Amino acid sequence: MSGFEALFAALTPLNLLLALAGVISGTVIGAIPGLTATMAVAVLVPLTFGMPPAPALILMGAIYTGAIYGGAYSAILLNTPGTPSAIATTLDGLVGAIALLTLAPPLSRVALAFGPVEYFWLAIFGLSLISAISEGSLLKGLAGGALGLLISCIGVAEVSADVRLTFGSQTLVAGINVVAALIGLFCIPVLIDLVATPGQHLQVVAEPRGFRLGEAVRVIMQRKFNLLRSSIIGTIVGILPGAGGSVAGIVAYSEARRAARPGEHYGKGEPGGVIASESANNATVGGGFIPTLVLGIPGTPPDAVILGALLVQGMRTGPTLFTDYALIVYTFIWSLLIATILMLPAGLLLGRYAYKSIITLPKALLVPSVAFMTIIGTYAIRNSISDVVIMIVLGVIGWILGRFGFAAAPIVLGLILGPIAEQGFVQAWTIGSAQQDLVGMFFGRPISIAIIAFTVFSLLSPLLMRRWKLKPEVAHVE
Amino acid sequence: MSNDVQRASSSDAGTAIVAALVTLFGVAAINDTYDYADFDSAVFPRTVAILLVILSLAVLLRWLAQRAGFAAAPSSETVENGGSWLRRIALVVVMLCAGFAMPWTGFLLTALVSFGLLLVIAMHDPWTPARLVVYPLVGVAIVLGFYFLFAKLLMVPLPVGSWFR
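The residue count restarts for each chain, going from 1 along the sequence in the order it is written. Here the convention is simple: chains get letters from A, ligands get numbers from 1, in the order in which they are written. With pLDDT at 70 or above as the cut-off, local features in this predicted model cover only qualifying residues; side-chain atom pairs require 80 or more to be listed or tallied, and sums for whole chains, interfaces and linings still use all residues.

K.L.:
Which residues make up the overall build of chain A, and what values do they have?
P.N.:
Check the secondary structure of chain A and you find 20 helices and two strands. Counts of 20 or more other C-beta atoms within 10 Å of a residue's own C-beta define buried residues, counts of 12 or fewer define exposed ones, and intermediate counts define partly exposed ones; C-beta atoms are placed from the backbone. In chain A, which comprises 478 residues, the proportion classed as buried is 59%. Sequence separation of at least 24 residues holds for 81% of the intrachain contacts in chain A that already meet a minimum separation of 6. Note on conventions: DSSP H or I runs of at least 4 residues are helices, E runs of at least 2 residues are strands, and numbering of each starts at the N terminus. Here, residue contact means that the backbone-derived C-beta atoms of the two residues sit within 7 Å.

K.L.:
So what's going on with the confidence of the model for chain B? Residues and values would help.
P.N.:
All names here are of chain B. A residue's pLDDT is the confidence the predictor assigns to it, expressed on a 0 to 100 scale. Per-residue confidence for chain B gives a mean pLDDT of 85, with 86% of residues at or over 70. Of the regions scoring below 50 in pLDDT, residues 1-10 engages in 13 contacts with residues more than four places distant in sequence or in other chains. What the predictor reports for the complex is a pTM of 0.78 with an ipTM of 0.89.

K.L.:
Please set out the packing of helix α12 (residues 271-295) of chain A against helix α13 (residues 301-312) of chain A residue by residue, giving values where relevant.
P.N.:
Residues and elements named next belong to chain A. For helices, the fitted line uses only the C-alpha atoms of the stretch in contact; every axis is such a line through C-alpha atoms, and the angle between N-to-C directions lies from 0 to 180 degrees. The contact between α12 and α13 brings their axes to 10 Å, and the two run at 40°. In terms of axis orientation, α12 runs oblique to α13. Regarding α12 and α13, the two cross each other, and that crossing is right-handed. Seen from α12, the contacting residues are Gly288, Phe289 and Thr292; seen from α13, they are Asp303, Ile306 and Leu307. Residue composition of the contact of α12 with α13, by class: three nonpolar, two polar and one charged. Angular relationships are summarised with four words: roughly parallel below 35 degrees, roughly antiparallel beyond 145, roughly perpendicular across 65 to 115, and oblique for the angles in between. By convention the crossing between two helices is left-handed if the near helix lies anticlockwise of the far one by an angle smaller than a right angle, and right-handed if it lies clockwise. Think of it as three bins: nonpolar holds Ala, Val, Leu, Ile, Met, Phe, Trp, Tyr, Cys and Pro, charged holds Asp, Glu, Lys and Arg, and polar takes everything else, Gly as well.

K.L.:
For the environment of Ser458 of chain A, give the residues involved together with the corresponding values.
P.N.:
Positionally, Ser458 of chain A belongs in helix α20 (residues 446-477). In sequence terms Ser458 of chain A and Leu127 of chain A are 331 residues apart; their C-alpha atoms lie 9.9 Å from each other.

K.L.:
Describe the domain arrangement of chain B, naming the residues involved and giving the relevant values.
P.N.:
For each domain, the first and last residues come from an automatic or database assignment. Once the domains are mapped, chain B shows domain 1 (3-67) and domain 2 (85-164). For domain 1 of chain B versus domain 2 of chain B, the distance between C-alpha centres works out to 38 Å.

If you want it as structure tokens, here you go:
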């Protein structure tokens with residue numbers, strides 16, 4: 001398959017229209033205060049279930065790209081948010097998408113050397129990383145990951161048709177659908193908190209005039225190194241499983257602040273701050289798709305939702321994805337580039353004309369609309385009312401757990417990685433038992449040892465970082 | 001016990017309850033795995049359940065240690081949610097009722113009624129004549145728009161409802 005074949009497939013009118021529609025709808029939902037990019041993807045992803053895989057992937061990628069950018073609207077609220085951030089978004093999104101286009105295929109060839117036990121350890125590594133990076137306690141993050149793994153076992157077992165962990169409930173026999181669980185865990189807690197408090201109506205003080213493209217280009221060209229550095233940071237952070245746009249934004253912002261020139265006042269409306277955080281944030285989209293598509297380990301929470309939707313489509317992610325579904329995957333990557341370019345006109349127009357109405361949408365309309373979308377979207381996955389009930393119940397459980405420091409992200413990752421981890425674990429266990437060398441099977445293979453070492457390092461790194469940070473303070477106090 | 005530790009331990013008591021519940025779920029899961037016919041079905045969930053029990057017990061022990069003053073209290077881990085509990089509960093009840101009622105009342109009627117109820121639950125501002133007209137109209141437009149999108153364009157067989165058959 002030639003690269004041009006996929007490019008031409010991405011440029012069909014339907015795919016272009018889907019990319020534009022995805023960018024616009026993602027931007028609108030992402031711009032609503034209180035809603036996140038993950039939520040935008042989770043709420044809109046059921047729309048793709050009736051589509052063939054390539055258009056579905058294109059729509060999801062475009063929604064994600066738009067939602068990340070839309071999130072900047074209520075955050076920035078300075079002048080016209082559509083102008084400088086749309087240009088920055090377009091440029092840095094291209095960096096992430098190009099990284100996906102160039103890095104993913106060779107990495108997938110490396111990943112072909114992985115056996116069942118390596119996949120098991122890779123799933124554990126992904127879990128350890130997100131648990132370590134996720135906010136709050138490491139112990140709670142790991143417990144959340146284990147809970148997600150256990151929830152993924154609910155229903156009829158693939159290997160032997162045993163009915164597992166249903167505790168007599170017929171509703172659970174069909175298992176927990178990953179997308180329904182993701183919608184519940186990511187959307188319902190947000191709704192529960194949104195409904196409880198009066199709307200914080202944002203005051204838009206500045207009255208924008210025109211697109212101010214020239215001014216925006218000048219601002220960005222003056223900070224081109226900041227843009228490039230932040231885009232690279234965003235891409236790298238996006239590649240790390242579990243680390244999302246917020247981590248990338250913070251790292252890029254602090255780097256930009258550290259490298260600030262005289263006269264730049266970060267924290268007081270300095271455009272370099274917006275460029276750094278938004279560039280890094282948006283570059284995580286392309287970067288995050290690398291582990292998602294190559295290894296089946298989601299780079300960011302929205303990637304987890306997209307991964308779940310791919311499973312609904314019958315596509316199994318992993319290294320063979322680039323050979324088995326080459327045309328679909330490359331069409332998607334090209335479309336991601338196109339969606340990134342479409343961000344510019346969409347961002348300019350929405351930022352100029354629509355952002356005020358989006359960010360001041362009354363909560364009384366927002367809550368029932370989102371609740372309604374979660375119900376209809378979940379129902380559409382398998383035409384099942386049980387999925388809707390499970391989605392709501394899981395959402396409530398997720399909200400309660402979240403109140404006490406058990407974040408949703410590790411649970412979701414456990415749910416996604418559960419089948420990969422179980423398949424690898426059971427196969428390795430069976431082979432190891434047959435060879436009467438279980439220890440050698442799990443701990444003796446070179447790639448496994450390397451992944452275990454990374455896992456241990458990722459688990460210990462927060463403790464080491466804390467100790468390293470504490471030392472100077474202790475010395476200072478003394 | 002210092003005031004800080006006392007305050008943290010009382011505000012974080014929910015952590016202990018949640019950790020205990022998760023531990024119980026883990027124990028129930030371990031017990032469940034002994035009923036499976038094939039060992040291959042049991043090995044993974046049993047291993048994970050044991051891990052879950054160990055981790056949640058560790059959370060519980062850490063909480064006890066904090067309560068006894070042996071460890072620093074991580075005050076930032078719990079989230080203090082303000083706002084109306086009544087509205088929170090009403091939201092969940094309405095959504096669950098909509099899910100359970102849909103097979104009987106059908107998608108359209110359930111969606112319109114639940115949208116209206118959620119609109120009232122989420123309304124914190126005073127109702128003005130304009131809002132009384134515009135908000136319900138917008139709600140109906142959203143419900144009908146999504147009904148058309150899913151039922152007619154995406155061909156999702158939305159429940160008609162046994163009352164209307």
